[in-house]
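The residues making up each chain are set out below.
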Amino acid sequence: MASFTLHGIPVSRGIAIGRAHLLAPAALDVKHYLISQEQVEAEVLRLQKAIASVHKELQTIWNELPKDAPAELGAFIDVHALILSDPMIAEVPLDIIRTRYYNAEWALVTQIDELSAQFDEIEDAYLRERKSDIQQVGERVLKVLTGSASTLPSHDGGDENAGRMIVVAHDISPADMLQFKDRAFGGFVTDLGGQNSHTAIVARSLDIPAAVGMSNASALIEQDDMIVIDGDAGVVIVDPPPNVLEQYRELQQRLMRERKKLGKLKKTPAITRDGTEITLLANIELPDDCPGALDSGAMGVGLFRSEFLFMGRAGFVNKLPSEDEQFESYRQAVVAMKGRPVTIRTLDIGADKPLDSAEQTALNPALGLRAIRFCLAEPQMFLQQLRAILRASAYGPIKLLIPMLAHAFEIDQSLAMIEQAKAQLREQNKKFDPLIPVGAMIEIPAAALTLPMFVKRMDFLSVGTNDLIQYTLAIDRADHEVAHLYNPLHPAVLYLLASTISIGAKAGVPISVCGEMAGDTRMTRLLLGMGLREFSMHPTQILSVKQEILNTDLNAIAAQTKKILRTMEPAAIVSAVEQLREL
Ligand code: PEP
Ligand code: MG
């Protein structure tokens, strides 16, 4: 077969080379037939049993989640369990069997198609993504009905080619991704998904090369085709010519050697050539991530996304973690970091991280009641979290970070509630750090444009470039259809970033960047040139960024950075940033 190349969205870095294993959607070839009136109740029972069996299957997967599984996996399984219980899936297909005499598979597919069509008409990207959850749940039930319980090849552990299996699918549910965790496989390619779709999030946390949003890759690629995934470029090459394959093998080997070499930098301090010390911190989702953060040489945690405690631990019953449970998690993190500071961000729920996706009704969730807005609207829940964080501060250095602030009154209300939580703890004779530093995420353009309002009130600032870019450019960060417009180098983004860093520095307020830009080595020198001295990122990125820092002389990049910040032409910015890396 002739070689061809497909382009999609890069979501997880590295090179994967291997044979395609196609995961066919079960819905494609179900039997369609009419049943007689006498067969109706037996057919209804068959469907009910299949649904019950999938419930059990999900419960088993949930119970058997490995301790180190990404926290969000539990939440994804919960979403599927909720969908399965919904009358739209659990009851309407039964009515279709009773009224139209369709066989169970046909009735189920009819209802899934009907629901999918309704979802297609919804503009909201988050809700559109829920369509694939419904389809994945439907496929699970179909697999049980048709007796093909698993579409994954079994892994005997002894096949050396298994490590090079590349999974190709229309979409992969996070629960199915979990099954890949125990199987050796090299990467995956999906038709659907965006930069921040559930599957992409899991791939990144598992550190596996992946490309998503490939449109119809699963139709074009055939079983056992040779495939190369260039996870950095979001490119998939099918049946590459021998010379191309060889080049990628060499690149893959080189990347592995570089990775190994980087390991030697773990204990090296991050100091620029001219002697300026830079602080490299880790972004974590759960306390269990702390040992990995320490191992990568992180000087502390710059961002603990506390919402993952709420999403991941909810279990089958959607209930929030108690103050004591939260306290235990925060305490565990600060103890694990052995005296290094842990920055805990208060609940940033909403948008692509809903607490209960079944109840998500906002038209524009990213612009809705998320993060601090949600917390201020739920004062008891917020006070509970604040008390838990404060109590943990008696066990080591904790900083409190508030997300999505834009208004002075939000800052003032948050600070007042922190004081209220402290007063409540004093009444209960519970210990905490009375001088706990409180900081703000700068991730809404309005915040970046009114920084003096923040520096006056806050002990430190942390720039969330993921949301800052989303809100500055009006690009939904989870929507693959506008992914090409999501540009960290847009002059408007650079202007906001540079002015935030410079005003913060002039005011003597410590400032860090904790969005994805901080872990992107292509941006390291630019951020250093803007005056950034504290970077927080996924632990796997720390050593690469450190290497970039060790090779940088701040005096040598000053003039070029200024030039970039004066430029308004996108192409000129891109080439100037590339030149900056050559200096
Ligand atoms: C950000 O917005 O850049 C950020 C770090 O927060 P999150 O990605 O969790 O929204
Ligand atoms: Mg954010």
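Whatever comes next refers back to the structure up there.
Residues numbered from 1 in each chain as written. Chains lettered and ligands numbered in written order. Predicted model: local features only at pLDDT ≥ 70, side-chain atom pairs only at ≥ 80, totals over all residues. Heavy atoms only, no water.

## Things to note about the coordination of the magnesium ion (ligand 2)
Protein coordination of the magnesium ion (ligand 2) is provided by Glu443 (OE) and Asp467 (OD), with donor distances spanning 2.0 to 2.2 Å. With a gap of 24 residues between them, glutamate 443 in the loop between β13 (438-442) and α17 (445-449) and aspartate 467 in helix α19 (residues 465-473) connect regions that are remote in the sequence. (Donors = N, O, S within 2.8 Å, 3.2 Å for Na, K, Ca; no water. Helix = DSSP H or I, 4+ residues; strand = E, 2+ residues; numbered from the N terminus.)

## Examining the site of ligand 1
By nearness alone, 15 residues border ligand 1, and Arg305, Arg345, Gly464, Asn466 and Arg477 come closest of all. One of the backbone N or O atoms of asparagine 466 is found 2.8 Å from an oxygen atom in ligand 1. In the environment of ligand 1, an oxygen atom lies 3.0 Å from a nitrogen or oxygen atom belonging to the side chain of aspartate 467. Protein chains shield 99% of the accessible area of ligand 1, which is 290 Å² for the free molecule. With respect to the detected pockets, ligand 1 is housed in the largest cavity. Put simply, the parts of the chain that give the shell around ligand 1 at least two residues each are β10 (301-305) and α19. Per-element tally for the shell around ligand 1: the top contributor is α19, with three residues. Of the residues contributing to the shell around ligand 1, the split by class is three nonpolar, four polar and eight charged. (Near = heavy atom within 4 Å. Polar contact = N/O pair within 3.5 Å; in protein donor to acceptor, adjacent residues only side chain to side chain. Areas by Shrake-Rupley, 256 points an atom, 1.4 Å probe, with all protein chains shown as cover. 1 Å grid on protein atoms, 1.4 Å probe; cavity = no way out; pocket = protein on both sides within 12 Å on 5 of 7 lines; lining within 4 Å. Sits in = over half its atoms within 2 Å of the grid points. Nonpolar A, V, L, I, M, F, W, Y, C, P; charged D, E, K, R; others polar.)

## Overview of the pairing of strand β14 (residues 460-463)
Every second residue of β14 is oriented toward a common face, with Phe460 and Ser462 on one face and Leu461 and Val463 on the other, all of them buried. Pairing of β13 with β14 involves four bridges; the strand directions are parallel. Within the sheet, the bridge partner assigned to alanine 440 lies in β14 and is leucine 461. Bridge count between β14 and strand β15 (residues 511-513): three bridges; the pairing is parallel. (Buried < 20%, exposed > 50% of the residue type's maximum accessible area, 1.4 Å probe, protein only. Pairing = 2+ DSSP bridges.)

## Digging into the packing of aromatic side chains
Taken as a whole, this structure holds three aromatic pairs when the rule is applied. Measuring from centroid to centroid gives 3.8 Å for tyrosine 102 and tryptophan 106, while their planes differ by 0 degrees, and the two rings are stacked. Overall, tyrosine 102 belongs to the buried group, its relative accessible area being 15%. Taken together, a centroid distance of 5.9 Å and an interplanar angle of 75 degrees make the contact between phenylalanine 304 and tyrosine 330 edge-to-face. Placement of the pair is phenylalanine 304 in strand β10 and tyrosine 330 in helix α13 (residues 323-336), with a sequence separation of 26 residues. For phenylalanine 304, a relative accessible area of 0% translates into the label buried. The exposure class assigned to tyrosine 330 is buried, which follows from its relative accessible area of 0%. Positioned above the aromatic ring of phenylalanine 327 is the side chain of arginine 391, whose terminal nitrogen or guanidinium carbon lies 4.2 Å from the ring centre. Over the ring of phenylalanine 460 we find lysine 399; its NZ or CZ atom is 4.7 Å from the centre of that ring. (Phe/Tyr/Trp six-rings, centres within 6.5 Å; stacked < 30°, edge-to-face > 60°. Lys NZ or Arg CZ within 6 Å of the ring centre and 35° of its normal.)

## With respect to empty space enclosed by the protein
The probe, sized like a water molecule, is rolled over the atoms to show the empty space still left. Enumeration according to the criterion identifies two cavities of 30 Å³ or more in this entry. Taken as a whole, the largest cavity spans an internal volume of roughly 90 Å³. Of all elements in the fold, only β10 and α19 reach the threshold of two or more residues within the lining of the largest cavity. Partitioned by chemical class, the residues of the lining of the largest cavity number three nonpolar, three polar and eight charged. Put simply, the second largest cavity is a space of about 30 Å³. Lining the second largest cavity, in full, are Leu281, Gly302, Thr343, Lys399, Phe460, Ser462, Ser512 and Glu534. Here the residues of the lining of the second largest cavity sort into two nonpolar, four polar and two charged. (Points joined across faces, edges and corners; volume = space filled by probe spheres on them.)

## Section: the packing of helix α21 (residues 521-530) against helix α24 (residues 570-582)
With their axes 9 Å apart at the nearest point, α21 and α24 run at an angle of 85 degrees to one another. The pairing of α21 with α24 is recorded here as roughly perpendicular in orientation. Residues Thr521, Arg522, Arg525 and Leu526 of α21 lie in contact with α24, whose contacting residues are Val577, Leu580, Arg581 and Glu582. Among the residues forming the contact of α21 with α24, the class breakdown is three nonpolar, one polar and four charged. (Axes fitted to C-alpha atoms, helices over the stretch in contact; angles between N-to-C directions. Parallel < 35°, antiparallel > 145°, perpendicular 65-115°, else oblique. Contact = heavy atoms within 4.5 Å.)

## Focus on the packing of helix α23 (residues 554-566) against α24
Look at α23 against α24: their axes get within 10 Å of each other, and the N-to-C directions meet at 170 degrees. Between α23 and α24, the interaxial angle falls into the category roughly antiparallel. Of the residues in α24, those in contact with Ile557, Gln560, Thr561, Lys563 and Ile564 of α23 are Ile573, Ala576, Val577, Gln579 and Leu580.

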